[in-house]
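Each chain is listed here by its residues.
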Amino acid sequence: MNTVPIAFAFDNNLILPACVCISSLMMNAREDTFYDIFILHSAKEKLDKGQLDLLPHYYSNCRIQYREVDDTFDHAFEIRGITTPAYYRLLIPELIPEYDKVIYSDVDIIFQMDLAELYQMDLGEYLLAATKDLGINLSKEGCEYIASISGLVQGQYLQSGFVVMNSALMRKNLIIDLFKTLAQYKYRYQDQDILNIACRGRVLYLPPCYNMTDLSFVHFIRNREMVMRIYSDSEIKEALQYGNIHYNGHKPWKKYCVNFDIWWEYYRKSPFFDEKFYFDFFYGKLNELDQLSLWKRIKVLVRYFIHRQKT
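The shown structure was predicted, so the numbers you read here are calculated from the model rather than taken from an experiment. (Residues numbered from 1 in each chain as written. Predicted model: local features only at pLDDT ≥ 70, side-chain atom pairs only at ≥ 80, totals over all residues. Heavy atoms only, no water.)

Student: Now, about the pairing of strand β2 (residues 33-42): what can you tell me, with residues and values included?
Tutor: The element β2 is extensively covered by neighbouring structure, given that nine of its 10 residues are classed as buried. Judged from the eight bridges that link them, strand β1 (residues 2-9) and β2 form a sheet pairing that is parallel. Residue pairing for β2: Pro5 is matched across the bridge by Asp36. Taken together, β1, helix α1 (residues 15-27) and β2 form a β-α-β motif whose crossover is right-handed. (Buried < 20%, exposed > 50% of the residue type's maximum accessible area, 1.4 Å probe, protein only. Helix = DSSP H or I, 4+ residues; strand = E, 2+ residues; numbered from the N terminus. Pairing = 2+ DSSP bridges. Right-handed = clockwise from strand over helix to strand, strands pointing away.)

Student: Report on helix α13 (residues 260-269), specifying residues and quantitative values.
Tutor: The complete set of buried residues in α13 reads Phe260, Trp263, Trp264, Tyr266 and Tyr267. For α13, the angular spread of buried residues about the axis comes to 160°, placing them on one side. (Arc of directions from axis to C-beta.)

Student: Describe the side chain of Asp114, and please don't skip the residues or the numbers.
Tutor: Tracing the backbone shows Asp114 in the loop between β5 (109-110) and α4 (116-119). One buried charged side chain, Asp114, makes no salt bridge at all; its nearest oppositely charged neighbour is Arg30, positioned 4.1 Å away. One polar contact links Asp114 to Thr33, side chain to side chain, over a distance of 2.9 Å. Polar contacts involving the side chain of Asp114 include one to the main-chain amide nitrogen of Ala116, which spans 2.8 Å. (Lys, Arg positive; Asp, Glu negative; His and termini not counted. Salt bridge = Lys/Arg side-chain N within 4 Å of Asp/Glu carboxyl O. Polar contact = N/O pair within 3.5 Å; in protein donor to acceptor, adjacent residues only side chain to side chain.)

Below, the structure is given as structure tokens:
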């Protein structure tokens, strides 16, 4: 049996997305993969564990553990609706000392693969493994931002929503102390900037299939030649067909977005499916579509069919 420790950090506002995310992880787990799942949450909040505790009953090859986080980041900078739990991943080496290596994932992700092979990868002297953030590395605004922050490197900016942390090496190198120091500054991309600065030059970059953000799909479709400077054509095709989908922009349980239908399909197949929630969402969206002008309806259809053909 291959044991894979994986951590998530969230509050009561994201219980349902977390359950769907973890369900997708378990639906794609191999028979010989066991997920040791850690939920990081504030010690000041009484986390609603009801649905989370049901996960091992539905999926036998996992267990759920909880780790409380102290007030270390209570006054850390918050922006764009991203709150304190975003910083909790920085404490994983301390919070989960029983493992020398731990995967961290945001809960707005749908998994479409088993992670055992990834976890078994030797990180050597790398502090972590992660995918590159195409939105920041390739956009004009992103390039300007990287240039404005000391410690960030153009073309090497990582995306922090899915990372493999070399916890043993981080503990040895006292990296967590550096994380805490950097968290005193008001970085626009918070924990993501901190990881990029603290781990500069010691990041193993993963294929894009492990973390396909909203902007990854946009760049793969619109700027494919530019993306091919970073990834091969086979990596791009694999990511588009089988990659883990990261809804780091609009959330599919709230509104239409890139690949929203895949989230809803996993939700429908999960043990947490609720017919009323499902019906209310799509019925409400029908009313929204009815109110669109003819020109906007044509644009929606054109975008859908043209983008589908290009992929």
